Amino acid sequence: METQHSGRSSFSGKLGFVLSAAGASVGLGNIWRFPYLAAKYGGGIFLLIYILLAVTFGYTMIMAETALGRMTRKSPVGAFAASGKGRWRAFGGWINAVIPILIVPYYSVIGGWVIKYLVGYITGHGSELAQDGYFSSFIANGASVEIVFLLFTLLTLGIIFAGVRNGVERVSRMMMPVLVVLSVIIAAYSVTRPGALEGVKYFLVPNPANFSWMTVVTAMGQMFYSLSIAMGILVTFGSYMKKDVSIEGSTKNVEIFDTLIAMMAGLMIIPAVFSFSGGDPDTLQAGPALMFITIPKVFESMELGSLVGVLFFVLVLFAAITSSIALTESAVSTFEDELGWDRTRSTVLIGAIMVALGSLSALGYGPLAGVTVFGMQFLDFFDFLTNSVMMPIAAIATCLLVSRVIGVEQIAQEGAIQIFREVGGGMEEVVVGVVGVLQLEVLEYRLNTEYNVEIRMQQLPFEQLRWVQNDPDTYNLRDLDLTSDTKAVEDMKGNRLLLFTSDWAVRWAETHNESLQLSEFGNI
């Protein structure tokens, strides 16, 4: 496992972060929750509102939380405390840290349900899964639910024991491509069923007649759940992100990946439901039961339904695992930072919490059915508490921290700064590419403390960048005829770059160096 200079674990690079963060987002929130909410709250109009919220508020929150984690190199509690002392800062950090600790136990119970259904399809009992009353009788059987819950929990903890790179990142790298392929296969099969095109139209084409304010509220809640916002996960993963990885670029990739998988999940389920029921309103309003009650009936009515059932629940299991390890990793990181424990002891502690709280949820529809909290079963209560109460508060706390304490400008700096070294020079000669104007003293302080680099800063800001396209071995960049407004540099991976502060400097460089070919402008 690679560590940063502070000894903190890290992802191997941008791909590791993107797949791990996307794995955190692409979980049951996408495969299970998103389709039934879209079906219930207007189809295409729900999808449109969700996308608008995701690319505005969601994008900003992902950037802010990731930047906060990388800036402080801390899990949520430490990240909030790094900005100074105060009760509300401690509260904001702890509520972000406690949310995944409360979510992952009941999440693992649902993961256990997925294992039960997958085993049922693999062993050829798909017809039983589609029978009326099967799901109710299953979750009422405390022993059966507890066994599959513990199996899912052990699988999650085993991955966490392996570490950030060998566990979280490696599993995400393996599972996410498989998840994408399976979602494409199942969606393609679903939309080609007789009558399914009406479902495609319902899901993709916005109909203003289906709009209600509950559509907006529900889409906002789904955005939090789906993008892993206000769960402490992105702060934790940001703390594992290397300094030469672009936060902005990574955020775009995570959002695109997450939204596409959510849309694929909708195309897997909603057209199939239309094909099965003819768009019956009661079927579309099935809610959480859609995946465990309605979908098995849909598969039972299909040709190759058993095979599709196996592929579908493999997909759902992979999605559930990638999210559960992200939730658990956030909790482990908090215990490591705040208790000073090693990874093994921290993992054992979260494992004990998962078993204790998860067992309440697992048995809540069976032996403990008579015990409720505010009239809700344990699983429903934990879901309501975290999603409807704690996550909005955590999001508000993060927004206040960024806007009133740290400052939006400094968060933007964390996302924009990329460190370069001069070609042929050592790390003592540093050029910094930025977008916009930075506070020089803040920049110098960060470079000194985070990279142990004393800098000589001139001509800030460097606002434009181009890569050299032709073979870098055909000439030495130091031999180019460049103006004082141009700098020949290479990034931390050895890629050769040219930095410009004006458009005329670009034209001048191209005119006076006939063999020089430049790519399009890129953001730094």
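Rules used throughout
Residues numbered from 1 in each chain as written. Predicted model: local features only at pLDDT ≥ 70, side-chain atom pairs only at ≥ 80, totals over all residues. Heavy atoms only, no water. Helix = DSSP H or I, 4+ residues; strand = E, 2+ residues; numbered from the N terminus. Buried < 20%, exposed > 50% of the residue type's maximum accessible area, 1.4 Å probe, protein only. Contact = heavy atoms within 4.5 Å. Areas by Shrake-Rupley, 256 points an atom, 1.4 Å probe, with all protein chains shown as cover. Salt bridge = Lys/Arg side-chain N within 4 Å of Asp/Glu carboxyl O. Axes fitted to C-alpha atoms, helices over the stretch in contact; angles between N-to-C directions. Parallel < 35°, antiparallel > 145°, perpendicular 65-115°, else oblique. Left-handed = near helix turned anticlockwise from the far one by under 90°. Nonpolar A, V, L, I, M, F, W, Y, C, P; charged D, E, K, R; others polar. pLDDT = per-residue confidence, 0-100. Patch = residues over 30% accessible without salt bridge, like charges linked within 9 Å, V, L, I, M, F, W, Y side chains within 5 Å. Polar contact = N/O pair within 3.5 Å; in protein donor to acceptor, adjacent residues only side chain to side chain. Phe/Tyr/Trp six-rings, centres within 6.5 Å; stacked < 30°, edge-to-face > 60°. Lys NZ or Arg CZ within 6 Å of the ring centre and 35° of its normal. Arc of directions from axis to C-beta. Core = buried A, V, L, I, M, F, W, Y, C linked by side-chain atoms within 4.5 Å.

## Description of the overall build of the protein
If you tally the helices and strands in the protein, you get 21 helices and five strands. Per-residue burial over the protein gives 58% buried out of 524 residues. Relative to all contacts within the protein whose residues are 6 or more apart in sequence, the contacts with residues 24 or more apart total 78%. As displayed, the protein has an accessible area near 21,000 Å², and 60% of this comes from carbon and sulfur atoms.

## Considerations on the pattern of salt bridges
One pass over the structure, following the stated rule, counts two salt bridges. Measuring nitrogen to oxygen at the nearest pair gives 2.3 Å for the salt bridge that ties Arg343 to Glu329. Residue Arg343 is located in helix 17 (residues 343-363), and its partner Glu329 is located in helix 16 (residues 305-339); the two are separated by 14 residues in the primary sequence. Judged by relative accessible area, Arg343 falls into the buried class, the value being 12%.

## Looking at the packing of helix 8 (residues 142-161) against helix 16
Contact pair helix 8 / helix 16: the axes reach a minimum separation of 9 Å and the direction vectors enclose 60°. Comparing their axes, helix 16 and helix 8 come out oblique. Helix 16 is crossed by helix 8, and the crossing has right-handed handedness. Contacts between helix 8 and helix 16 pair Phe152, Leu155, Thr156, Leu157, Ile159 and Ile160 from the former with Leu317, Ala320, Ile321, Ser324, Ile325, Thr328, Glu329 and Val332 from the latter. Here the residues of the contact of helix 8 with helix 16 are counted per class, giving ten nonpolar, three polar and one charged.

## Considering the packing of helix 5 (residues 87-122) against helix 16
Two quantities define a packed helix pair, namely the angle between the helix axes and the distance between the axes. Taken N-terminus to C-terminus, the directions of helix 5 and helix 16 make an angle of 155°; their axes are 8 Å apart at the nearest point. Taken as axis vectors, helix 5 and helix 16 run roughly antiparallel relative to one another. Helix 16 is crossed by helix 5, and the crossing has left-handed handedness. Residues of the contact of helix 5 with helix 16, tallied by class, amount to 23 nonpolar, nine polar and one charged.

## Details of the confidence of the model for the protein
Residues of the protein with pLDDT of at least 70 account for 74%, and the chain-wide mean is 78. The weakest mean pLDDT in the protein belongs to strand 2 (residues 430-433) at 51; the strongest belongs to helix 17 at 94. Taken together, the stretch residues 433-439 has pLDDT below 50 and engages in 20 contacts with residues farther than four places along the chain or on a different chain.

## A closer look at the side chain of Ser324
For Ser324, the position within the fold is in helix 16. Relative accessible area serves as the criterion here: at 0%, Ser324 is assigned to the buried category. With residues near it in sequence (within four places) discarded, Ser324 still touches Val104, Tyr107, Phe152 and Thr156.

## A word on a nonpolar patch on the surface
Together, Phe91, Phe384, Val389 and Ile393 make up an exposed nonpolar region whose accessible area comes to about 330 Å². When residues of the nonpolar patch are assigned to their parent elements, the largest contribution, three residues, is made by helix 18 (residues 378-406). Tracing the chain through its elements places Val389 in helix 18. Given the relative accessible area of 32%, Val389 is considered partly exposed.

## Quick notes on the side chain of Ser190
Mapping Ser190 onto the fold places it in helix 9 (residues 164-191). A relative accessible area of 2% means that Ser190 is categorised as buried. Polar contacts involving the side chain of Ser190 include one to the main-chain carbonyl oxygen of Leu267, which spans 3.3 Å. Residue contacts for Ser190: discarding those within four places in its chain leaves Ala196, Leu267, Met268, Pro271 and Ala272.

## Quick look at unusual backbone geometry
The phi dihedral of Ala230 falls on the positive side, at around 60°, and the residue is not glycine. With respect to the element layout, Ala230 can be found in the loop between helix 11 (213-226) and helix 12 (233-239). Using a relative accessible area of 0% as the deciding quantity, one classes Ala230 as buried. Its identity is not glycine, yet Phe374 carries a phi of approximately 55°, on the positive side.

## Notes on the packing of aromatic side chains
Scanning the model with the defined rule gives 20 aromatic pairs in all. Note on Phe312 and Phe313: the rings are 5.1 Å apart at their centroids and 90° apart in plane angle, and the pair reads as edge-to-face. Judged on exposure class, the residue Phe312 and its partner Phe313 are both buried. In textbook terms, an aromatic cluster arises when at least three aromatic residues are bridged by ring pairs, as seen for Trp113, Tyr117, Tyr121, Tyr134, Phe135, Phe292, Phe299, Phe312, Phe313 and Tyr365. Sitting over the face of the ring of Tyr225, Arg33 holds its NZ or CZ atom 4.7 Å from the ring centroid. The ring centre of Trp341 lies 4.3 Å from the NZ or CZ of Arg345, which sits over that ring.

## Here's the deal with helix 10 (residues 196-204)
Within the span of helix 10, buried status applies to Ala196, Gly199, Val200, Tyr202 and Phe203. Projected down its long axis, helix 10 carries its buried residues within an arc of 165°, all on one side. Opposite the buried face of helix 10, at more than 90 degrees from it, the exposed residues are Leu197, Glu198 and Lys201.

## Re the nonpolar core
With 115 residues, the main nonpolar core has Trp113, Phe292, Phe312 and Phe313 as its most contacted residues. Look past the residues within four positions of Phe292 in its chain and what remains in contact with it is Trp32, Ile110, Trp113, Val114, Tyr117, Phe135 and Phe313. By size, the runner-up hydrophobic cluster in this structure holds ten residues, among which are Val468, Ala505, Ala509 and Leu518.

## Points about the environment of Met214
With respect to the helices and strands, the residue Met214 is situated in helix 11. Spatially, the C-alpha atom of Met214 lies 9.8 Å from that of Phe46, the residues being 168 residues apart in sequence.

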